[in-house]
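Read off the chains here:
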Amino acid sequence: MEHARFEELIMPHLDAAYNLARWLARDAHDAEDVVQEACMRALKYINSLRGNEGRVWFLAIVRNAFYDWCERNRPKEIAQDDGTAIDAAIDLQSIGPEQSASRNADSLALADALASLPLPYREVLIMRELEELSYKEIARIADIPVGTVMSRLARARSMLQRSPLLHAISEQIPGGGA
């Protein structure tokens, strides 16, 4: 019974789980480890899932599995934001226009810009923009108030707008510059 419920309610969301883990961990192999751990936890606790909506429940498990993995493997990445995250994440001197122009794939630049975001901002942005979760669902997954979700999204978007990678791309697009 547990296995059948797991197959029905969790397995359809395996791609979303991997996607979230991949963006959080920024490494395919680490993401696989996180998702494997999350699947083991989900199977173990499948009976605690109320109702038939497994997506938010499972993504919360993936997020928690990532933070546990990160605590063991990258404890510095979990550091709380003291208000300097925006300035620390955006180093205007790190990438010059020549380097940015050599990156001919806009998606690569976007991926780099997303990966440079501090973890609390990256996770809410990924859940909202790539997984298309509601603010309420993100709040449940991240165990934070909806207002914090909205604040982190606004700050994440601000960081992306200030990113030299994305700024260089927008200047190359006709009508995309300031």
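This structure is a prediction, so every number in the text was calculated from the model and none was measured.

## Details of the pattern of salt bridges
Here is step 1: For the coordinates displayed, the defined rule picks out six salt bridges.
Here is step 2: As a salt-bridge pair, Arg 55 and Glu 131 come within 3.1 Å of each other at their nearest N and O atoms. In this pair, Arg 55 sits in helix α4 (residues 54–73) while Glu 131 sits in the loop between α8 (119–130) and α9 (135–142), placing the two residues 76 residues apart along the sequence.
Here is step 3: In this structure Glu 131 comes out as buried when scored by relative accessible area, which is 9%.
Here is step 4: Arg 157 is paired through a salt bridge with Glu 129; the nearest N and O atoms lie 2.3 Å apart. Remark: Glu 129 occurs in helix α8 and Arg 157 occurs in helix α10 (residues 146–162); sequence separation between them is 28 residues.

## Re unusual backbone geometry
Here is step 1: If you check the backbone angles, Glu 132 has positive phi at about 55° while not being a glycine.
Here is step 2: Topologically, Glu 132 is positioned in the loop between α8 and α9.
Here is step 3: The backbone of Asp 143 shows a phi angle near 55°, a positive value even though the residue is not glycine.
Here is step 4: On the secondary structure map, Asp 143 appears in the loop between α9 and α10.

## Some words on the packing of aromatic side chains
Here is step 1: Applying the stated rule across the entire model yields two aromatic pairs.
Here is step 2: Arranged with centres 5.5 Å apart and planes meeting at 75°, the rings of Phe 66 and Tyr 67 form a pair that is edge-to-face. We note that Phe 66, like Tyr 67, is buried.
Here is step 3: An aromatic cluster of three or more residues is present, and its members are Phe 66, Tyr 67 and Trp 69.

What counts, and at which threshold
Residues numbered from 1 in each chain as written. Predicted model: local features only at pLDDT ≥ 70, side-chain atom pairs only at ≥ 80, totals over all residues. Heavy atoms only, no water. Salt bridge = Lys/Arg side-chain N within 4 Å of Asp/Glu carboxyl O. Helix = DSSP H or I, 4+ residues; strand = E, 2+ residues; numbered from the N terminus. Buried < 20%, exposed > 50% of the residue type's maximum accessible area, 1.4 Å probe, protein only. Phe/Tyr/Trp six-rings, centres within 6.5 Å; stacked < 30°, edge-to-face > 60°.

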